[in-house]
Amino acid sequence: MSAPFLEFEGIGKSFPGVRALDAISFGVGAGTVHALIGENGAGKSTLLKILSGAYRADEGLIRLGGKERNFRNTYEAIAGGIAIIHQELQLVDNLSVADNLFLGHLPHRFGCIRRGTLAREAERLLRWVGEEINPRARLGSLPIGQRQIVEIARALSYDAKVLAFDEPTSSLSGREVARLFAVIRQLRDEGRVILYVSHRMEEIFELCGAVTVFRDGKHIETFPQLETVTKKDLVRLMVGREVGGLIAPIGTQPHGGVALDVSDVMGPGIARPVTLSVRGGEIVGLFGLVGAGRTEALKLIYGATKRRSGRVQANGRPIATSTPTASLRRGLAWCPEDRKAEGIVPMASVQDNINLGVRHRFSPLGFVIDPRRERRNAKAAVERFRIRIAGLSQSIENLSGGNQQKAILGRVLSHKVGVLLLDEPTRGIDIGAKEEIYGIIRDLAKGGAAVLFASSEIPEVLGLSDRVYVMREGVLVGELTRENATADALLELALPQSESAS
Amino acid sequence: MKTESKRAEWFRNLWDNGGMVILFGALFVFASLTVNNFLTQTNLIYSLGLSVTTTGIVSCGMLLCLAAGDFDLSVGSVAAFAGMLTAVLLDRMGGSILAVPICLLACSCIGLFNGIIIASFGINALITTLATMQIVRGLAYLLHDGNSLGIGSEVFASLGTHSFLGLPVPIWTFILCVAAFGFLLHMTVFGRNALAIGGNREAARLAGIPTVRTKIAIFTLQSFLAGLAGVVSAAQQQLGDPKGMVGLELRVISACVLGGVSLTGGIGSIHHVIVGVLIMGTVQNIMDLKSVPTFYQYLISGAILLAAVLLDRLKRRSVA
């Protein structure tokens, strides 16, 4: 392997309240496909965005062929030979293939497009990637796999030296994946630098020669020779291996009756009906790798997405309609994984966010607002969960992830809650706040609430749960008691069958 | 932020929350000093005051709409329809004042229809209200074969001309609307929910807010207000006119945005509406008093709106 052509050195990036990337340093050599792996939010996408000029790093630098390059915007990055092939293609469906290939730099003379040159060049590029595509075809009429090849050919029209693929196979068929891999291998052999982000271990072992693992915005490890590691090791690095220590185990406590009873729930994102139950005072983990359907399952139980079939009972009473309003009325609450999109109203104050959807409970006639009680409710939540704010009227946007999460918990628990669903309750939250959140969850269970939390972090699942359900590829595949739940047992269930062998 | 002194922060707050109020104050003082006949009772009440009532009444509803992240283009047609319907009903019912509640009910139904299409079926508000804008305009024409219809009822006319405590009834109507909708937006669960929906619709829905019901109510109220404005205007002119109120929707949205209501939802306050409506009315009034030709008035109104939104954008950028 040659000396690294692309080098990241001490790259760091923060968003309000979140450290998205922290001191990322590693090198990527030409002539090999370099995989980037990690859970959602681990920092892979942020790094690609910095590479492509969409974001600017707070600190650190990028070297390309030994020269320091920090792109200020995407144009500079493209001109510098960087191409990112995204999950969602950046192409225009209603233009021809040729027009798409030269989108942004159409060959022209006196402002008129040179049709002849365009057609010739387009054919040359398509031949290069070895694809039989009519350059005059409307892009939208092509199957998705061919569109992706067009996107790659477009990158070659700029003569990109670095191509980064962000989960390129997520919507491709098996045959299309094989085509794509052939093209990627060809690019590799031409001596280009290839970064490859994927959650699919099989693909990584089939295609890639090196791998870098991210977790929580940190560079965990880089293996320049993929052969030296096993799939299981990689997954373990992704989900965290320091089991124990972080969370002190507590003695089991007697549990009450069944508080959450889910039977045969089906809906989008789930491959087979989900049946599970949680007793009062019990903390149950829902473990799975990315794409296993944890988030989808919780959303279906809460009614955030409509259930196609199945029943949900909370606190002994059925929830007839699958809507958040109906669930909350029965004391079934939920906290989202994606706080920004689904949890908070960004421009509103902390107080408003805590009272969101709750205030009718303490408003006279359920209609007129009582400012004193609004304040009191918000203040109670702030004190109970020790939310660190400058004042109740502060905008929630500027809070750290942990404090936002606590504010959402404060809102949710302003309802009379018997069952609490939490989706990745500590994602994007720093270590101190994590422990506070764990404490809150334990106190809730001690108070008799049933807690079902989804997580992809093994230490969190093992440290917190009385019992664990495991999901794999949209199916609830198993259940482990506290005694049987070990990192190995979890991974055994969570890894796709064909992969767990190695 | 941290390095900012207390005083600078105080000024920033004042500017953020009351920038437009200050601008209006300045405009008012400027006009009082330099424009003849501006600061007279007749001008302020009968020219300025009466000229802003229609826009003002409808703006109160548009505030809710915009706060929730939507807007309603059908208000001009609904107002014209309301004037026509009242005139026709008064004619048929021998001048019975019952015509007014019937008309307001009919207008509310139009809003209910808008709301159901937009909230329950998830159709874009722009398209939906663009369609009802034309449908309702057509209905207004159909009511009397495309002709306007005079109103003879004196009881009804007094709604437009009668004064109470020195102010004409239309101005009182505006004031009542401001009070009612200010209360609705700021002091009720419904109003706060509307703002939350505009701020982040998905988060609002997931927090258990009945988003569909809230939106339907907003559009119903909006059409009710448009109907009310149409009735009041018909009473002033003693005429139902199917060709009237053209472009009202744009004047209303302009006034709201001018005052500081966000077009993308989530930000809005009743004082924005008051100030926006008053600035627009005052500029119009000054131009009338100065006998600025109508064609130039268009230029100036447009430029002011553009300046206001640019100012708003600058303000937000400096905060971020």
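On a predicted model such as this, the values are computed, not experimentally measured, just so you know.

S.K.: It is not clear to me how the overall build of chain B should be interpreted in this structure. Could you clarify?
M.R.: Across its full length, chain B holds 13 helices and 4 strands. Relative to the compact-globule value of 20 Å for 320 residues, chain B shows a C-alpha radius of gyration of 20 Å, a close match. Overall, the C-alpha framework of chain B stretches about 70 × 55 × 35 Å when taken along its three principal axes. For chain B, the proportion of contacts with a sequence separation of at least 24, taken over those separated by at least 6, is 79%.

S.K.: Help me out: how do you make sense of the nonpolar core in this one?
M.R.: Side chains of nonpolar character tend, in soluble globular proteins, to be buried together. By size, the foremost hydrophobic cluster in this structure holds 235 residues, and its most contacted members are Val451(A) and Leu63(B). Counting residues per element, this core draws most heavily on helix 10 (residues 211-237) of chain B, at 14 residues. Beyond its immediate stretch of four places on either side in the chain, Leu63(B) contacts Phe181(B), Leu185(B), Cys256(B), Val261(B), Gly268(B), Ile270(B) and Val273(B).

S.K.: What should I look at first to understand the pairing of strand 19 (residues 419-423) of chain A in this one?
M.R.: Each regular strand shows side chains that alternate between the opposite faces of the sheet. Residues and elements named next belong to chain A. For strand 19, a buried count of 5 out of 5 residues is recorded, marking the element as mostly surrounded by other parts of the structure. For strand 18 (residues 332-335) and strand 19, the ladder comprises 4 bridges, and the chain directions are parallel. The residue bridging Cys 335 from the neighbouring strand is Leu 422, located in strand 19. When strand 19 meets strand 20 (residues 450-455), the two strands line up parallel, connected through 5 bridges. Note that in strand 20 the partner of Val 419 across the bridge is Ala 450. Handedness of the β-α-β unit built from strand 19, helix 15 (residues 431-446) and strand 20 comes out right-handed.

S.K.: Help me understand the interface of chain A and chain B in this model?
M.R.: Interfaces are often sized by the accessible area lost when the parts come together. Listed per partner, the contact involves 24 residues of chain A and 19 residues of chain B. Of all the secondary-structure elements, those providing two or more residues to the side of chain A that touches chain B are helix 10 (324-329) and helix 11 (339-343) of chain A. By residue class, the composition of the side of chain A that touches chain B is 14 nonpolar, 6 polar and 4 charged.

S.K.: Any chance you could explain the sheet that holds strand 22 (residues 475-481) of chain A here in plain terms?
M.R.: The pairing of strands in a sheet happens through backbone hydrogen bonds and is either parallel or antiparallel. Residues and elements named next belong to chain A. Taking strand neighbours across the sheet as the criterion, the 6 strands line up as 18-19-20-15-21-22 in an open arrangement whose pairing is mixed. Whereas interior strands pair on both sides, the edge strands pair on one side only; in this sheet they are strand 18 and strand 22. Averaged over all adjacent pairs, the angle separating strand axes in this sheet is 20°, with direction ignored. Lying on the sheet, helix 9 (residues 294-302) is in contact with strand 15 (283-287), strand 18, strand 19, strand 20 and strand 21 (467-472); it crosses strand 19 at an angle near 150°.

S.K.: What should I look at first to understand helix 17 (residues 487-494) of chain A in this one?
M.R.: Given 3.6 residues per helical turn, the α-helix brings residues three or four places apart onto the same face. Residues and elements named next belong to chain A. Among the residues of helix 17, Leu 490, Leu 493 and Ala 494 are the ones counted as buried. Considered in projection along helix 17, the buried side chains sweep an arc of 95° and stay on one side of the axis. Buried residues in helix 17 make contact with strand 15, helix 16 (458-464), strand 21 and strand 22.

S.K.: Could you clarify how one ought to interpret helix 8 (residues 231-239) of chain A in this entry?
M.R.: Residue and element names in this part refer to chain A. Of all the positions in helix 8, only Leu 234, Val 235, Met 238 and Val 239 are classed as buried. Relative to the axis of helix 8, the buried residues are bounded by an arc of 125° and lie together on one face. Turning to helix 8, the residues buried within the fold contact strand 3 (33-37), helix 7 (201-207), strand 11 (210-215), helix 16 and helix 17. Immediately beyond the C-terminal end of helix 8, within one or two residues, lies Gly 240, with a positive phi of roughly 95°.

S.K.: Explanation requested: the sheet that holds strand 13 (residues 258-266) of chain A in the structure shown.
M.R.: Residues and elements named next belong to chain A. The sheet built from 4 strands is open, its strands ordered 14-13-16-17 with antiparallel pairing. Every other strand in the sheet has two partners, leaving strand 14 (274-279) and strand 17 (317-318) as the edge strands with one partner each. Sheet analysis places strand 13 next to strand 16 (residues 309-314), joined by 5 bridges and oriented antiparallel. Opposite Val 262, over in strand 16, you have Val 312 as the bridge partner.

S.K.: Sorry if this is basic, but what is going on with the environment of Val309(B) here?
M.R.: Residues and elements named next belong to chain B. Tracing the backbone shows Val 309 in helix 13 (residues 294-319). On the neighbour-count criterion, Val 309 (14 C-beta atoms within 10 Å) is partly exposed. For the pair Val 309 and Leu 263, spaced 46 residues apart in the sequence, the C-alpha separation amounts to 9.9 Å.

S.K.: Would you explain unusual backbone geometry in this entry?
M.R.: Most peptide bonds adopt trans geometry, and most residues besides glycine take a negative phi value. Residue and element names in this part refer to chain A. For Asp 159, which is not glycine, the phi dihedral falls at a positive 55°. The topology assignment puts Asp 159 in the loop between helix 5 (144-157) and strand 9 (162-166). Overall, Asp 159 belongs to the exposed group, with 9 C-beta atoms counted inside 10 Å. In this structure, Leu 365 takes a positive phi of about 65° despite not being glycine. For Leu 365, the location among the structural elements is in the loop between helix 12 (350-355) and helix 13 (371-384). Judged by C-beta crowding, with 8 C-beta atoms within 10 Å, Leu 365 ranks as exposed.

S.K.: Just checking my understanding: could you explain the packing of helix 7 (residues 169-187) of chain B against helix 8 (residues 189-199) of chain B for this structure?
M.R.: The axes of two packed helices give the description: the angle between them and the distance between them. Residue and element names in this part refer to chain B. Look at helix 7 against helix 8: their axes get within 5 Å of each other, and the N-to-C directions meet at 70°. On the basis of their axis angle, the class for helix 7 and helix 8 is roughly perpendicular. Along the contact surface, helix 7 presents Leu 184, Leu 185, His 186 and Met 187, while helix 8 presents Phe 190, Gly 191 and Ala 194. Its residues assigned to classes, the contact of helix 7 with helix 8 shows 5 nonpolar, 2 polar and no charged.

S.K.: Can you walk me through the confidence of the model for chain B in this structure?
M.R.: Regions with low pLDDT should not have their predicted coordinates read in detail. Counting all residues, the mean pLDDT for chain B is 90, and 96% of those residues have values of 70 or more. Predicted as a complex, the structure gets a pTM of 0.81 and an ipTM equal to 0.86.

Rules used throughout
- Residues numbered from 1 in each chain as written.
- Chains lettered and ligands numbered in written order.
- Predicted model: local features only at pLDDT ≥ 70, side-chain atom pairs only at ≥ 80, totals over all residues.
- Helix = DSSP H or I, 4+ residues; strand = E, 2+ residues; numbered from the N terminus.
- Rg over C-alpha atoms; globule rule 2.2 N^0.38 Å.
- Contact = placed C-beta atoms within 7 Å.
- Core = buried A, V, L, I, M, F, W, Y, C linked by C-beta atoms within 7 Å.
- Buried ≥ 20, exposed ≤ 12 C-beta atoms within 10 Å, placed from the backbone.
- Pairing = 2+ DSSP bridges.
- Right-handed = clockwise from strand over helix to strand, strands pointing away.
- Nonpolar A, V, L, I, M, F, W, Y, C, P; charged D, E, K, R; others polar.
- Axes fitted to C-alpha atoms, helices over the stretch in contact; angles between N-to-C directions.
- Arc of directions from axis to C-beta.
- Parallel < 35°, antiparallel > 145°, perpendicular 65-115°, else oblique.
- pLDDT = per-residue confidence, 0-100.

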